[in-house]
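# Descriptive structure summary
This is what each chain is made of:
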Amino acid sequence: MSQKIVGLFVAIIAVASAVKVPITVYYESLCPDSAKLITEQIYPAVKGELKDHVNIEWVPFGKSQFSTQGSDVMFTCHHGPNECYGNKVHACAIEHIQANSYQVEFTRESLTLDFINCMMKIGKNFPDNVYPGAKCARDNQINTWENIQTCANNTEGSQLLMKHGQTTNHFMNPLKSVPVVVFKNQYDAKVNDRAQSDFVGVLCSYISQPMPKICASRNSAVSIAAISAPFMGLLAYALTKLFN
């Protein structure tokens, strides 16, 4: 009987550790704040110890707008026409990136993250005015750039970007700020603000036990700080009484 209980306990722990935190990132391809969040906060966190604890949905639309005339979709983007094209490239990459069976060290999610991070790092600074999509694909072992490029240059890209626009508008219309991070499908303005500069800290607060080492160490540091502050206050008070 005890073995069954132990087995059940182990199974519960395994299930808990396998549950991924759903995260939605609303962003724009040429937005400096989006680039800062993705390259400095999300990418380092998800490429490290926390990679198995998140499931990210990327929504590259932001404060853009769209309208339709028959089968045509027209976009007006926050940072101009180049961003509209960039948003389409991101939308098409999210749709078309695939991991091959021989790329055992990669997943579709990790390749998408690598590509988006590369594109956001380059931003508006295109060397020799060459669009960086092919370079980012090549540098990150993505072999579907031709499909992504074709998609971005035809109606498929427009339809995919329109879907991201519909997703964004359903979430918040108009979007008040860019980027926005939503954890577990529940928007919290304070959580979003904190995630812009402490994504790891926010993510750790949503991860179930057993916690990754990086989260446990952060919690320990916070606990020590919480204990130390009142202790130091009492010590100062005691010393004051002792010498007065």
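Residues numbered from 1 in each chain as written. Predicted model: local features only at pLDDT ≥ 70, side-chain atom pairs only at ≥ 80, totals over all residues. Heavy atoms only, no water.

### Comments concerning the pairing of strand E3 (residues 65–69)
Of the pairings in the sheet, the one linking E3 to strand E4 (residues 72–76) comprises five bridges and is antiparallel in character. Across the sheet, residue Thr-68 finds its bridge partner in E4, namely Val-73. (Pairing = 2+ DSSP bridges. Helix = DSSP H or I, 4+ residues; strand = E, 2+ residues; numbered from the N terminus.)

### Re the nonpolar core
In terms of nonpolar packing, the biggest core is built from 29 residues, with Ile-23, Ile-42, Trp-58, Phe-183, Phe-199 and Leu-203 touching the most fellow members. Broken down by secondary-structure element, the contributors of at least two residues to this core are strand E1 (21–27), helix H2 (32–47), strand E2 (54–60), helix H4 (108–122), strand E5 (180–183), helix H8 (189–195) and helix H9 (199–206). Counting residues per element, this core draws most heavily on H2, which supplies six residues. Once residues lying within four places of it in the same chain are set aside, the contact partners of Ile-42 are Val-25, Leu-37, Ile-56, Trp-58 and Phe-199. By size, the runner-up hydrophobic cluster in this structure holds 19 residues, among which are Ala-93, Ile-97, Phe-106 and Trp-145. (Core = buried A, V, L, I, M, F, W, Y, C linked by side-chain atoms within 4.5 Å. Buried < 20%, exposed > 50% of the residue type's maximum accessible area, 1.4 Å probe, protein only. Contact = heavy atoms within 4.5 Å.)

### Describing the pattern of salt bridges
Under the definition given, this model contains four salt bridges. Note that Glu-40 is salt-bridged to Lys-36, the shortest N-O span being 3.1 Å. Placement of the pair is Glu-40 and Lys-36 together in helix H2, with a separation of four residues, close to one helical turn. One salt bridge connects Asp-139 with Lys-135, and the closest N-O pair in it is separated by 2.5 Å. Of this pair, Asp-139 and Lys-135 are both found in helix H5 (residues 133–139), four residues apart, which corresponds to roughly one turn of the helix. Judged by relative accessible area, Lys-135 falls into the partly exposed class, the value being 40%. (Salt bridge = Lys/Arg side-chain N within 4 Å of Asp/Glu carboxyl O.)

### A short note on the sheet that holds E2
With mixed pairing, the three strands of this open sheet are ordered in space as E2-E1-E5. Every other strand in the sheet has two partners, leaving E2 and E5 as the edge strands with one partner each. Across the sheet, the mean angle separating the axes of adjacent strands is 15° when strand polarity is ignored. Pairing of E1 with E2 involves seven bridges; the strand directions are parallel. Considered in E2, the bridge of Val-25 is made with Trp-58. The sheet strands contacting H2 are E1, E2 and E5, and the helix crosses E2 at an angle near 160°. Contacts from helix H3 (residues 81–96) reach E1 and E2 within the one sheet, and its direction differs from that of E2 by about 145°. (Axes fitted to C-alpha atoms, helices over the stretch in contact; angles between N-to-C directions.)

### Concerning the packing of H3 against H4
Closest axis-to-axis distance for the H3/H4 pair is 9 Å, and the angle between their directions is 165°. When the axes of H3 and H4 are compared, the pair comes out roughly antiparallel. The chirality of how H3 crosses H4 is right-handed. Here Val-89, His-90, Ala-93, Ile-94 and Glu-95 of H3 come into contact with H4, specifically with Arg-108, Thr-112, Phe-115, Ile-116, Met-119 and Met-120. Across the contact of H3 with H4, the residue classes break down as seven nonpolar, two polar and two charged. (Parallel < 35°, antiparallel > 145°, perpendicular 65-115°, else oblique. Left-handed = near helix turned anticlockwise from the far one by under 90°. Nonpolar A, V, L, I, M, F, W, Y, C, P; charged D, E, K, R; others polar.)

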